[in-house]
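Topology and contacts: notes
Take a look at the letters that make up each chain.
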Amino acid sequence: MAGFRMRAAGFVLLLAHLSIVYSVMLRPRAVPWVPAANLRPLETIRAALALGPWEAVHQLGGAVLLMAPLGVLLPLAGGRLTASALGSFTRTVFTGAMIACAVAVLQGTVPGRVPDVDVVLLNTLGVALAHLVIVPVVRARLRRREYAGAGPTPTIPRVGLAPQADALSGSRT
């Protein structure tokens, strides 16, 4: 029952976060002009870094932080406590990258918005970092709590273990 509640809470929080992303990234803007779409990887990042470190953090940090909660919310909505670390990371980063790509494609249809491949890269980086920092620690804690309540493994004192050779040979001699 706790697993179902965790998945349900993760799903609700995921929908809430995606609605915030939608309102931030896909709301039309009334601007006199818009720059051309950036389809060259790392061009916007280089331009931001050329402005200095503080300005770069200000410009690029928003893109990293915008999708970062997906790195935690996607595994939470999946509800797999015993998932492999690599598999969970791969699924989460791929899904985050696909959501970032979908938002970038949809931005091309919104007045005042243009797609930027660097924003997709930064969004995916945020998903990956959040997943690496938070998910393994939380899963380990939840596993410890779940297995601590189970108690020690029960043993039967009167039954001895058969030698390995007898158990594998199938003979009763």
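Model, not experiment: these values are computed from the prediction.

Moving on: unusual backbone geometry. Backbone geometry at Leu42 places phi at a positive 75°, although glycine is not the residue there. For Leu42, the position within the fold is in the loop between helix H1 (2-25) and helix H2 (43-50). Residue classification places Leu42 among the partly exposed positions, given a relative accessible area of 41%.

Within the secondary structure layout, Arg113 lies in the loop between helix H5 (85-107) and helix H6 (117-148). From its side chain, Arg113 meets the backbone oxygen of Val24 in a polar contact 2.9 Å long. Arg113 has contacts with Val24, Met25, Arg27, Arg29 and Gln107, leaving out every residue within four places of it along the chain.

Quick look at the environment of Ala102 now. In this fold, Ala102 is placed in helix H5. Along the primary structure Ala102 and Val120 are separated by 18 residues, whereas in three dimensions their C-alpha atoms are 9.3 Å apart.

Moving on to helix H4 (residues 70-78). Those residues of H4 not exposed but buried are Leu70, Gly71, Leu73, Leu74 and Pro75. Just beyond H4, the residue with positive phi is Gly79, at close to 70°.

In the predicted model, the protein chain carries a mean pLDDT of 86, and 84% of its residues have values of at least 70. Looking across the protein chain, the model is least confident in helix H7 (residues 164-169), with a mean pLDDT of 52, and most confident in H5, with 96.

Next up on the list: the pattern of salt bridges. A complete count under the given rule lists one salt bridge for this structure. Measuring nitrogen to oxygen at the nearest pair gives 3.6 Å for the salt bridge that ties Glu43 to Arg40. Judged by its relative accessible area of 37%, Glu43 falls in the partly exposed class.

Bringing the packing of H2 against helix H3 (residues 53-67) into the picture now. In the contact formed by H2 and H3, the axes pass within 7 Å of each other and the chain directions differ by 150°. Residues Ile45, Ala48 and Leu49 of H2 touch H3, and the partners they reach there are Ala56, Gln59 and Leu60.

Before going further, it helps to examine the environment of Phe4. Checked against the element boundaries, Phe4 lands in helix H1. Between the alpha carbons of Phe4 and Gly79 there is a distance of 7.8 Å; along the sequence they are 75 residues apart.

In this section: the side chain of Asp116. Here Asp116 shows up in the loop between H5 and H6. Buried charged residue Asp116 carries no salt bridge. Nearest counter-charge: Arg29, at 9.8 Å. Polar contacts involving the side chain of Asp116 include one to the side chain of Thr44, which spans 3.0 Å. Beyond its immediate chain neighbours, meaning those up to four positions away, Asp116 contacts Asn38 and Thr44.

Our next topic: the nonpolar core. Among the nonpolar cores identified, the biggest contains 15 residues, and Leu14, Val21, Met25, Leu26, Met67, Leu70 and Val103 are the most heavily contacted of them. Excluding residues within four positions of it along the chain, Met25 makes contact with Leu66, Val103, Gln107, Arg113 and Val119.

Cut-off values and rules
Residues numbered from 1 in each chain as written. Predicted model: local features only at pLDDT ≥ 70, side-chain atom pairs only at ≥ 80, totals over all residues. Heavy atoms only, no water. Helix = DSSP H or I, 4+ residues; strand = E, 2+ residues; numbered from the N terminus. Buried < 20%, exposed > 50% of the residue type's maximum accessible area, 1.4 Å probe, protein only. Polar contact = N/O pair within 3.5 Å; in protein donor to acceptor, adjacent residues only side chain to side chain. Contact = heavy atoms within 4.5 Å. pLDDT = per-residue confidence, 0-100. Salt bridge = Lys/Arg side-chain N within 4 Å of Asp/Glu carboxyl O. Axes fitted to C-alpha atoms, helices over the stretch in contact; angles between N-to-C directions. Lys, Arg positive; Asp, Glu negative; His and termini not counted. Core = buried A, V, L, I, M, F, W, Y, C linked by side-chain atoms within 4.5 Å.

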